[in-house]
Amino acid sequence: MWLLYSIKKNSKRELRDQIVSRLRPNQTYVILRKGKFDGDFQASIETNAFPTSQVVDPKSRPEIRLVQTKTDKVEALIDEKTVRDNITLHDQDVIRLSINNIRFRIKWEDMVVFRDGPDDNEYRSLINKASEIGIILLDTTYLQNFNGPYGRFSCH
């Protein structure tokens, strides 16, 4: 699931990530409204739909992008590179808006629901729900031969 974090300094002047929003598929999230600092500039994050065919693929993610209006007064930077057009975002990208050094981080956090088999009557409903909220749905048969970062996973 895509998450949006605000990057702020704590009392010790260290940068810390603070969760702002879970980015659901097929939505738009405004991160800087038009007229807030500049009468023309607005920045938002748009998420694509998460097709049900991709919900069962543990490597799939809905595409997300930064959408902005063009202006000479405010600019968006992705990982400290100026971006003038709309751009696809990736895991761990840092978005910085030149106004007041506003910073955000995009993170993909694995949120997986495990199900005991795809022949269950509720399976289709679960796939549709997973598509709506942007999580992966796997049945336990997928995991029987799964070797993860912490060793082999087995189902009994």
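Before reading further, recall that the structure is shown in the block above.
Computed from a predicted model, the values in this text were never measured in an experiment.

Colleague: Looking at this structure, I do not really get the overall build of the protein chain. What am I missing?
Modeller: Within the protein chain one finds three helices and 14 strands. Relative to its full complement of 156 residues, the protein chain shows a buried share of 37%. A separation of at least 24 residues holds for 43% of the contacts in the protein chain among residues at least 6 apart in sequence.

Colleague: Any chance you could explain the sheet that holds strand 8 (residues 87–88) here in plain terms?
Modeller: The pairing of strands in a sheet comes from backbone hydrogen bonds and takes either a parallel or an antiparallel form. Spatially, 3-4-5-8 is the arrangement adopted by the four strands of the open sheet, whose pairing is antiparallel. Unpaired on one side and paired on the other, strand 3 (28–32) and strand 8 mark the two borders of the sheet. As judged from the two bridges shared by strand 5 (residues 64–68) and strand 8, these two strands associate in the antiparallel manner. If you follow Arg65 over to strand 8, its bridge partner there is Thr88.

Colleague: What am I meant to see in the environment of Pro51 here?
Modeller: With respect to the element layout, Pro51 can be found in the loop between strand 4 (43–47) and helix 1 (52–55). Counting along the chain gives 11 residues from Pro51 to Pro62, while the straight-line C-alpha distance between them is 8.2 Å.

Colleague: Looking at this structure, I do not really get the sheet that holds strand 9 (residues 94–97). What am I missing?
Modeller: If you walk across this open sheet you meet the six strands as 2-1-10-9-6-7, and the pairing is antiparallel. Looking along the sheet, the strands with just one partner apiece sit at the ends: strand 2 (15–23) and strand 7 (81–83). Sheet twist, expressed as the average angle between the axes of neighbouring strands with direction ignored, equals 30 degrees. Pairing analysis gives four bridges linking strand 9 to strand 10 (residues 102–108), with the strands arranged antiparallel. Along strand 10, the bridge assignment pairs Ile95 with Phe104.

Colleague: I'm lost on the nonpolar core in this one. Help?
Modeller: As a rule of thumb, soluble globular proteins bury nonpolar side chains together. Counting residues in each nonpolar core, the largest one holds 31 residues, and the members touching the most others are Ile31, Ile45, Leu66, Leu89, Ile95, Leu97 and Ile106. Residues within four places of Ile106 in sequence aside, it is in contact with Trp2, Leu3, Leu4, Leu23, Ile45, Ile64, Leu89, His90, Asp91, Gln92, Asp93 and Ile95.

Colleague: Explanation requested: the pairing of strand 5 in the structure shown.
Modeller: Moving residue by residue along a regular strand, the side chains alternate between the two faces of the sheet. With respect to burial, strand 5 is a largely interior element, four of its five residues being buried. In terms of strand pairing, strand 4 meets strand 5 through five bridges, oriented antiparallel. Note on strand 5: the bridge partner recorded for Ile45 is Leu66.

Here is what the cut-offs are and how they apply
- Residues numbered from 1 in each chain as written.
- Predicted model: local features only at pLDDT ≥ 70, side-chain atom pairs only at ≥ 80, totals over all residues.
- Heavy atoms only, no water.
- Helix = DSSP H or I, 4+ residues; strand = E, 2+ residues; numbered from the N terminus.
- Buried < 20%, exposed > 50% of the residue type's maximum accessible area, 1.4 Å probe, protein only.
- Contact = heavy atoms within 4.5 Å.
- Pairing = 2+ DSSP bridges.
- Axes fitted to C-alpha atoms, helices over the stretch in contact; angles between N-to-C directions.
- Core = buried A, V, L, I, M, F, W, Y, C linked by side-chain atoms within 4.5 Å.

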